[in-house]
Every structure is written in C-alpha cells, then in structure tokens.
Amino acid sequence: MAATAGHEISENRHQRIVYRPLVLLAPALTVGVLADAWLDVSMVFWLLAFFAVLLGWAALWRRQNEKSASILLLMAVGTFGGMVYHVHWNFFLATELSVSLSPDKRPVALRGLVTDYPRFLPAKSPDSAFEFELPNQWKVPFRIEQIRSGTQWVDASGFTEVYVAGDEIHVRPGEKIRVFAQATCSEGALNPGEFDFANWARGKRRRTFLRANYVKCLSTIERAQGVSAWHPIAEARHFVSQQLIAAVPPRLEGLAETIFLGRRERLADETDEAFRGTGTVHLLALSGLHLGILAMFSYGILRHLPGPVWLPGLCMLVLTLGYVVLVDARPPIVRASILVTSLCIGLMVYRRNSFWNSLAAAWIFVVCWSPTEIFQAGTQLSFVAVATLAWLAGMQSIHQKYDPLKRLIEETRPKPIKWWRAIRRGAMQLVIASLVVWLMTLPLVLLNFHAASPWTVILSPVLVVPMGIALAGILLIVVTSVIAPWATPSVAWMVTGALWFMQTLVEVTQARMPLTFWSAGPPVWWVVGFYAVITLVGCLLLAQRFPIRWGVATVAVWLAVGFAWGTIQQLKAETRDDLTCTFVSVGHGTCVLVELPDGQNLLYDCGRLGSPKRATRSLSAVLWSKGISHLDAVVISHDDADHFNGLPELLERFSIGTVYCSDLMERIPSKLVTILLEDLDSRDIPLRTISAGQRLRTHPEVGLTVLHPTRKGVLGRDNANSIVLLIEYHGRRILLPGDLESPGTEAVILERPIECDVVMAPHHGSRYSNPETFYAWCRPEWIVVSSGSRNIEGPNIEDDDGPQWMNTAENGLVEVRLTKDGLPAAVLSWRDTASVVEE
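Draft legend 1. Region of the structure containing the environment of Gly788. Mapped onto the secondary structure, Gly788 falls in the loop between β22 (782–785) and β23 (804–807). Relative accessible area serves as the criterion here: at 49%, Gly788 is assigned to the partly exposed category. Here the alpha-carbon distance between Gly788 and Gly589, two residues 199 residues apart in the chain, equals 7.6 Å. Sequence-distant contacts of Gly788, that is, excluding residues within four places in its chain, are made with Gly587, His588 and Ala809.

Draft legend 2. Quick look at the nonpolar core. Ranked by size, the top nonpolar core spans 67 residues in total, and within it Leu255, Ile259, Phe260, Tyr323 and Leu499 carry the most contacts. By residue number, the principal contributor to this core is helix α16 (residues 455–483), which donates nine residues. With near-sequence residues (within four places) excluded, Tyr323 lies in contact with Ile259, Phe260, Leu286, Leu291, Leu294 and Ile333. In this structure, Cys581, Met760, Met806 and Val814 belong to the second largest nonpolar core, which totals 32 residues.

Draft legend 3. Examining the packing of aromatic side chains more closely. Going through the model one piece at a time under the given rule, you end up with 20 aromatic pairs. Taking the centre distance of 5.6 Å and the plane angle of 70° together, the rings of Phe50 and Phe51 count as edge-to-face. Note on Trp525 and Trp565: the rings are 6.1 Å apart at their centroids and 75° apart in plane angle, and the pair reads as edge-to-face. With Trp525 in helix α18 (residues 524–542) and Trp565 in helix α19 (residues 548–574), this residue pair connects regions lying 40 residues apart in the sequence. On the basis of relative accessibility, which here comes to 31%, the residue Trp565 falls in the partly exposed class. Every member of this aromatic cluster is reached through a ring pair, and the members are Trp525, Trp526, Phe530, Tyr531, Trp558 and Trp565.

Draft legend 4. Structural detail: helix α10 (residues 311–326). Over its 16 residues, α10 extends 22 Å from the first C-alpha to the last, a length consistent with the 22 Å expected when each residue adds 1.5 Å. Every buried residue belonging to α10 is among Pro312, Gly313, Met316, Leu317, Thr320, Tyr323, Val324 and Leu326, and all of these are buried. Buried residues along α10 sit in contact with α6 (231–247), α7 (250–261), α9 (288–302) and α11 (331–349). Downstream of α10 by a residue or two, Asp328 has a phi angle that is positive, lying close to 70°.

Draft legend 5. Focus on the pairing of strand β12 (residues 589–595). For β12, a buried count of seven out of seven residues is recorded, marking the element as mostly surrounded by other parts of the structure. Here β12 shows two buried faces, one formed by Gly589, Cys591, Leu593 and Glu595 and the other by Thr590, Val592 and Val594. Bridge count between strand β11 (residues 579–583) and β12: four bridges; the pairing is antiparallel. Across the sheet, the residue bridging to Thr582 is Leu593, located in β12.

Draft legend 6. Seen up close, the sheet that holds strand β19 (residues 724–729). Overall, mixed pairing links the seven strands, which are arranged β17-β18-β19-β20-β21-β22-β23 in an open sheet. Whereas interior strands pair on both sides, the edge strands pair on one side only; in this sheet they are β17 (695–696) and β23.

Draft legend 7. Spotlight on a nonpolar patch on the surface. There is a patch of nonpolar side chains on the surface, built from Phe239, Val479, Val482 and Ile483 and spanning about 370 Å² of accessible area. Tallying contributions element by element places α16 first for the nonpolar patch, with three residues. Tracing the chain through its elements places Val482 in helix α16.

Draft legend 8. Here's a closer look at the pattern of salt bridges. Per the counting criterion, the structure on display carries 27 salt bridges. The partner of Arg223 in a salt bridge is Glu175, with the nearest N and O atoms 2.7 Å apart. Taken together, the positions of Arg223 in the loop between β8 (218–222) and α6 and Glu175 in the loop between β5 (159–165) and β6 (176–185) put the pair 48 residues apart, joining distant regions of the chain. Glu175 sits in the buried class, given a relative accessible area of 4%. Here Glu649 ties to Arg653 by a salt bridge, and the two come within 2.8 Å at their closest N and O atoms. One end of the pair is Glu649 and the other is Arg653, both in helix α21 (residues 647–653) and four residues apart, which spans about a single turn. With relative accessibility at 24%, the residue Glu649 sits in the partly exposed group. Arg653 gets classed as buried once you look at its relative accessible area, which sits at 14%.

Rules of the game
Residues numbered from 1 in each chain as written. Predicted model: local features only at pLDDT ≥ 70, side-chain atom pairs only at ≥ 80, totals over all residues. Heavy atoms only, no water. Helix = DSSP H or I, 4+ residues; strand = E, 2+ residues; numbered from the N terminus. Buried < 20%, exposed > 50% of the residue type's maximum accessible area, 1.4 Å probe, protein only. Contact = heavy atoms within 4.5 Å. Core = buried A, V, L, I, M, F, W, Y, C linked by side-chain atoms within 4.5 Å. Phe/Tyr/Trp six-rings, centres within 6.5 Å; stacked < 30°, edge-to-face > 60°. Expected span 1.5 Å × (residues − 1). Pairing = 2+ DSSP bridges. Patch = residues over 30% accessible without salt bridge, like charges linked within 9 Å, V, L, I, M, F, W, Y side chains within 5 Å. Areas by Shrake-Rupley, 256 points an atom, 1.4 Å probe, with all protein chains shown as cover. Salt bridge = Lys/Arg side-chain N within 4 Å of Asp/Glu carboxyl O.

See the structure below:
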C-alpha cells in the first residue's frame, strides 16, 4: 500500500512538471545575437564554434550525460543566434546600391519594379512660424534592378522608397519604371544619444534613400504582366485603404489608417503630438492589443457559426495570418500572431497551450526573422508589456481566494447591481493593469524617449473601448463593402464616432491639461539590471518561493542604487574643475554648450537652417547624455533663424535661467524674434541685453567677455552685429563669433589681437566673411566649423604650423576641454572617439 501511495505521488509530481523548452532557448539565442553585435566576431569563428559545440553535444548525448549535453545544446543555439545576426548585419549582395553611396547626394538613373501602391504624404502646415511648409509628396515602394553607368545599364539591387514631390502620380504595383533621383545612404549619428538612422536602416536592410523633385522623374517602361504572389496583398491593402477613405471623414482618415494598417503618413501632426504628449502613442503603433481586439471580436462571431468545434479556431487562425500579412508583418504583430496562433491550435486540438512558451516562440521568431529588431524600443516595450500583463494574471490566480458564500450572495443580487459591480471591477482591474504596465515600461521609455506622462494610466483604459469599436467597425466596413454595400454607411457612422472620441479626448487633454515630464533617463546598465531584478523576482513570486515583501524590498534596493548614482553624478558636475565647450552637430546652424567648472551651463545659440526640430533633438540628446536638465544662461548671437529657431521647443524640455541677446536685436526684432520674446515672457524667463565690454558673472576663474557689438552696432546685416563671446580659463581661450562678417569683422580686428586656442569659424566657414584676416588676428590653433556640408574648405593660410580644422558635418560633435592646469586645449570629435572605441 505504501508503495502504491508512493507511486501515485510520483505520478502526481510528474504531471505537475511543465515543460517550457523555448523559455530556455530564447535567452540562449539572444545571448548569441548580443555577442556578435558587441564583439563583431567573424563568421568563421561562429561556424567553427557551432560545429564544435554540436560535436561535443553529440558525444555527451551518446554517453547519456543529459545535463552537460543540454548546456552544450543551449550554447549551440547561442552560436546560431550569432550567425543569424552576423549574416543579417554584414552580408549584402555585391550589386547592392547602398554599398557605393555616401550621405552626400548623388544623381542616379535607375530601373526597377514598383512593389506596392504609392502612399500619399499630404503637405502638413508648419507647427510653428519657425518651420517651412513642404509640398505634397508620394512615397513609391521600389525594387532596384539596374543603374546607368555612362551609356550602359548594369545590374544593381536593393529595396527602398522613392520620395516624389507632386500632387498626382500614376504608377501601379508590378510596373517597371525608370527613375531619375538624388540618392543618398543614411548617415550615422553625429552626436551622442542621437537616434542612429544608419544602423536603423542597415537593420531594415534598406540603406538607400531616393528623392525626386518632380513626378516626371518617374516614367513607366513596362506595364505589369501577370500577377505575382505579393500583388494580391498590395491590392487588398489598397482596397482597405480606399474603403477607409470613402467611409471616414478626411480629418479622421489618418487615425483610421494608423490603427488598422499601421500607416502614419496621413496622420495629422497635432494628433500625433497629442498622443505622444499624453503617453498614449502606443495605441497608434500596431501591436498585440490591436490584433487581440480583432481576434476576440472575430472569435465572438465565429463561435456561433454552425459546424465542427474546431472550425472557429481554424477561421480565426486564417484571419490572424491574413491580417499579419496585410500589415507587413511588423514585429509586435508577429509576436501577437504567434500567441493567437498557439491559442487557435490549442482550440483545434483540444490542448491547453503554455503562454510563456508561446511568448518565447514569438521572441525566437522575431530574432530569426530580423535580429536587429530586439534592439528597437518598440519591440522591447511590446514584449515587456505583454509579459507584465501575463505576470499580473498569474499572480491574481495564485492569490485570488474562492469564497462560496460570497459567490452565492453575488448571484442573488439584482441584475443592474451585478452589471454595475462587474463594470466597476473590470474598470479597476484595467486601471491597475495600466498602472503596473506603465511602471514596468517607464525605464525603457525614459531611456529611449526621455519623456513620459502619467495620463497614460487613465487614458489607456478609457481609449481601449472606442479603439476596439473602431477596429471592429473597420473590419465590418471591409466585409460589408464586399457582401452588403448598403450597410457600410451605418457601420461607418459607428467608426467615425469612435475615432472622433479618441482624437478629441487626447487632443483636449493635451491642450488643456498637459502633464508630460522630460528626463535624461537612467543609464543603460541600470535599466538592464532593473529588468534582470524584475524578472528574477517575478519568477520567484510566481513559483511562490519568495515573499512579496522581500520582492518589494529587492526592487526598492535597486531603485535606491539608481537614485544614488544620479546623486553622485550631480555632485561630480557641481565639483568639476575643468571647462568643456561642446560644438553640437546640427547641420547648417549653431549650437554650442559651455559647461563651467562649478556646474553651471551656458548655451550659445540653438538653431539650424530648415526645420528647427533637428537642432532641438540633437542638443537634447547631448544634454541628456551629460545628465543636464537646466541651462543657467542662453546667449542668442544675432537675429538669424538658424541660430535660435530651436529654442521654443527646447523651452518645453529644459528649464532656463536667463536669455541674453544684443541691444540691437531687442530694439528692432524681426517677426520670428518677436514670437520668441513673447514665448519667453509667457514663461517668466528674464531677457537681458549685452554689448561689447561686458562680462557675464560666472565662476571666478572663468572669463566670459563680449567683444562685439557695441550698443549702437555697426552698419550692415544682422550677421555683422553677431555677439562675439570670448571664453577664458587659466590662460586658454575659446572664441565664438557667430555669423560675424564685414563690417563687423573690421570692427573686431581693430582691437588688440587676442591669441586663441580654439575659434568657431565665422558664418559656418563661409569664404565671404573674410576669414583669413580674422584668423590672422586671433591666431587659433584649432578652427571648428559648425556646418551641414562636408565640402567646406579650410582657411588659406600659408603656414606649416597653421590651425587644425574640424567640421561638425564630417566629424560630428566636437568637444574642447580646458583644464585648471593651463595645459593646451584637448579637442576631440565624438565620431572619431566612437570609432576608436568600436575598434
């Protein structure tokens, strides 16, 4: 009897064992990807390591040494992940066009195939007076087949999009066309903390960018012949888009296409900014939430259809896969589709699937399909959010106590009360889930976007309902337009109401109650440690091997480590004894950050030619990388938009003490300057004027002296009256002349010559600013030009010991460091430093 009881206990334990092999394979595969991404190991090494590990595994498996064999098998999976990433990142066809391109524009003549319908990019009105209005454009998906070399057409390859300015275009999928355009290869980051478009495009394997100024630059060579396997998908996508345009008002078209097809080209800028400002932008990105809503709605209808029990699961599986293909198989949708697919298969074969095993399968599929996606913030946030919700569900099932008496009492209540209590309980659960997900994703959000809003905790549960109605309604619009067109207007009315509610609620909230805070964000090492601690604690809590209070204490300790690190960095900044002058690369413009020895920070100009957002984003990335959240002073050199048009958006992200400008700029302001001054006044930021001979009060060992202009200024343009600022620290000098030109240059060089260590090239290195005379007066050892062109030539100085030259367009951010020892200035470019680190 004892033996029988022991046998039963053994069987019960065996039944409780849950096998999740993919949960182990997913981390092993990820380690291999990370190893190749960080170490850049050769393919030969990966192949040798892979086969060596497999041989070792085979030998141990034959000896029945299962534990050691399992470890080697995981190592084999890791080496396979390294090979997958290495091939994806490094191997391109010899005919790939992007290999021969550079960030500089190059005219090309190409032949190729249109792979999808062109997408219309309507001209959007500028967000502010500091921006230019762009024309209507089209984005034409294009597969490159040939390029003209002289008079011959040679083979070429690559997938890209052609951006064409114009109101109408007449090309269709499958057509062969000839394209005359300007071709460039995406440029890497020029400043620390910036988004690296070159790496992003390389990961997407679409590094070629084509732009044409006229529709006539595209001409059809050959009409489409036959239908390829992918043309029906393009036709289906185009059909859905046309149905949405016909059913939804123009103001809501962009939102409808965004949440159903993932196309944000037609989304209004104010709507996009409102969703970002309220922290609900995740609702615009196609994710598992969208697919989950559509799957639940579809299954709710399909399960009432007559037929075998497995038919609803099969139909939902087909619809899921069809939707994934329709929206270009984006990683979050792929992840959700694998979860839904596993559920459907379970329904069909009457088996319960393991959620964590399915989630690991989704991660493995994403890594094998496009390994660089795991470095994208959207993919990371998607998996973290889903894992958090699954963990919450598991914890609820563990700690939820079943009370028969309470359940009996609930069943005897009237239906209105039961409905009200169910709605209240569901709303509370949604808010709690939204809060926990927001807290879990907050470190990643701050690390990548540096902005967060608590509004997402409240708005996300509220917006899920109208978004679900809109998604279900759009699906019905597509169905009814085929089988019952007369019913489409009724469904369109429902979709319009849901979309209007979503857009209005978000825009009104952002306009009247903005609640967005900006932050430098935690360091990468802390974020990695945070999720490692959370994962460990979460697993132990689910396994009921760790008290909740211990889990909370462990997480609190790691949070304390982060706050301590931030405090130490702040103390280091306040006690630093060197002076750093940073020339931020913003294109054709100026943006110079001066970090003083006592922790104070001064900004000289912030703007660029064209859209000012590039200047603001580049400077913000640099400030956040340095942990700076406050600027004590901002100096505007003169009244040119490319020197101050980035300030309005900068005011939204950072606190500023005082703004300085010249007397002439305040007395005779331009229209743009007037707008800026009104913005400063509305924020209670004081404006001060400075002129030649004045010194700014800062650190006692630092001299900040204004050399030009005088209060009356000089005759000439605004450039001639640029504020020339001299920075002195322990016998070393840095000179910032703005856009100084004649006759302002002559007014400056009339004074006693001042030898400088570093000088910013006047007027972005322009030859028309008489630079040789100016350089002969200040005799710099280094010249830094803040420009958007790599073709700026250095000064024509016939001297073997002449100044050295740095260009932010080519070298990226340039940092000048002066020490209290009075040693020569240390001048480094971020791009050169980054390349040394990579080597």
